[in-house]
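Chain by chain, the residues:
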Amino acid sequence: MSYSNTRTALFFGLACSAIALTACQAPMSPSTLTHNTAKITKAKGEHKKAHWGYGEHGTVAPANWGSLQGNATCKTGKAQSPINITEATKSIMPLNFKKSYHAENFTVKNNGHTVVFNATNPASNKISVHGKTFELLQFHFHSPSEHMIMNQHYPLEIHFVHKSKDGQLAVVGVLYKSGANNTGLAKVADKLVKKGQDATLAGFDVNSIMPKDQKTLAYSGSLTTPPCSENVQWLLQKTPVTASKGELIKFINSYKGNNRPVQPINGRTVSLN
Ligand SMILES: [Zn+2]
């Protein structure tokens, strides 16, 4: 094969200047979107749900997720997410990434770790990567961002979780920084319900909260929440989207610090497309 790769350094502006920095929730299927517990076996054969969480200390902290039954990949996996992206390889091999999004109705649920916007009709919103189709199941947020670019967090990252017919996941990640207001994000911010409350977001087009520039940082990673399953195609949008401080603060006030720390790259390459 006669193709060459060019190492391209990535330079990004600081994104988090005036916003307090503080947090993937990429579930496997609609039926498990709010399932954020792992069962551990008790001595008497009982099962107790062990909650996982964030923060630096305690058994529920990210560093200890791998010790919860069923979540060993969180500790033993070699292709974990999120990561800190400091360089990307520009390849002439095209990703052939195409989005086909339209206005859709979402049901909103707070699962105790984030607020999840579940698509009522996943087949109506699709992406294709290398000719393979993935349907949009849901989107949810982390504050601050889980991915880092050039060692910097952004105040907010939204994950758009897609699934193919054969069960593979593809997550589009979008970063947000303080700047001009964003009417689409304002609609999402107004639906950040508390746990136990439900809401709907009707006729919402996810295009309104995505960058127009489609430059994409692609790599193979994992869910960023237990069970940290791998073989997730990550499609991080390189260009951040602006939002007003007021809009960003609503997310930070909803969940502050629901971000898994960055994980070792272990020789993986990130491609810039
Ligand atoms: Zn997520």
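Residues numbered from 1 in each chain as written. Predicted model: local features only at pLDDT ≥ 70, side-chain atom pairs only at ≥ 80, totals over all residues.

Within the chain, the secondary structure is distributed over 3 helices and 18 strands. For the chain, buried positions account for 40% of its 273 residues. (Helix = DSSP H or I, 4+ residues; strand = E, 2+ residues; numbered from the N terminus. Buried ≥ 20, exposed ≤ 12 C-beta atoms within 10 Å, placed from the backbone.)

Phe-160, Val-171 and Tyr-176 are the most contacted members of the largest nonpolar core, which has 54 residues in total. Counting residues per element, this core draws most heavily on strand E13 (residues 169–178), at 7 residues. (Core = buried A, V, L, I, M, F, W, Y, C linked by C-beta atoms within 7 Å.)

Relative to the elements of secondary structure, Val-129 occurs in strand E9 (residues 126–129). A tally of 21 C-beta atoms within 10 Å means that Val-129 is categorised as buried. Residues Val-129 and Leu-235, spaced 106 residues apart in sequence, show a C-alpha to C-alpha distance of 9.5 Å. Once residues within four sequence positions are removed from consideration, Val-129 is found in contact with Leu-95, Asn-96, Phe-97, Phe-134, Ala-170 and Gln-233. (Contact = placed C-beta atoms within 7 Å.)

Of the residues in the chain, 82% have a pLDDT of 70 or more, and the chain-wide mean is 85. Taken together, the stretch residues 1–48 has pLDDT below 50 and engages in 124 contacts with residues farther than four places along the chain or on a different chain. (pLDDT = per-residue confidence, 0-100.)

Walk down a regular strand and you will see the side chains alternate between the two sheet faces. Counted residue by residue, strand E8 (residues 115–119) has 5 buried out of 5 residues, so it is predominantly covered. Burial of E8 is two-sided: the residues Val-115, Phe-117 and Ala-119 facing one way and the residues Val-116 and Asn-118 facing the other way are all buried. Bridge analysis of strand E7 (residues 104–110) against E8 gives 5 bridges, and the strand direction is antiparallel. Across the sheet, the residue bridging to Lys-109 is Val-116, located in E8. (Pairing = 2+ DSSP bridges.)

A separate point is helix H3 (residues 245–254). Of the positions making up H3, those classed as buried are Glu-247, Leu-248, Lys-250, Phe-251 and Ile-252. Here the buried face of H3 lies against strand E10 (132–142), strand E12 (156–163), E13, helix H2 (183–189) and strand E17 (241–243).

Of note, the amide linkage connecting Ser-81 to Pro-82 takes the cis form, showing an omega dihedral of 0 degrees. Note on placement: Pro-82 falls in the loop between helix H1 (73–76) and strand E4 (84–85). In the segment running from Pro-226 into Pro-227, the intervening peptide bond is cis, with an omega of 15 degrees. Residue position: Pro-227 is located in the loop between strand E15 (216–222) and strand E16 (230–237). Even without glycine at this site, Asn-151 takes up a positive phi of about 70 degrees.

Note on placement: His-147 falls in the loop between E10 and strand E11 (148–149). Classification of His-147 as buried rests on a count of 25 C-beta atoms within 10 Å. Put simply, His-147 and Gln-263 are 116 residues apart on the chain and 9.5 Å apart in space, counted from C-alpha to C-alpha. Contacts of His-147, omitting those with residues within four sequence positions, involve Pro-82, Ile-83, Ile-85, Glu-157, Gly-173 and Leu-236.

Here Leu-185 shows up in helix H2. Residues Leu-185 and Ala-243 lie 58 residues apart in sequence; the distance between their C-alpha atoms is 7.2 Å.

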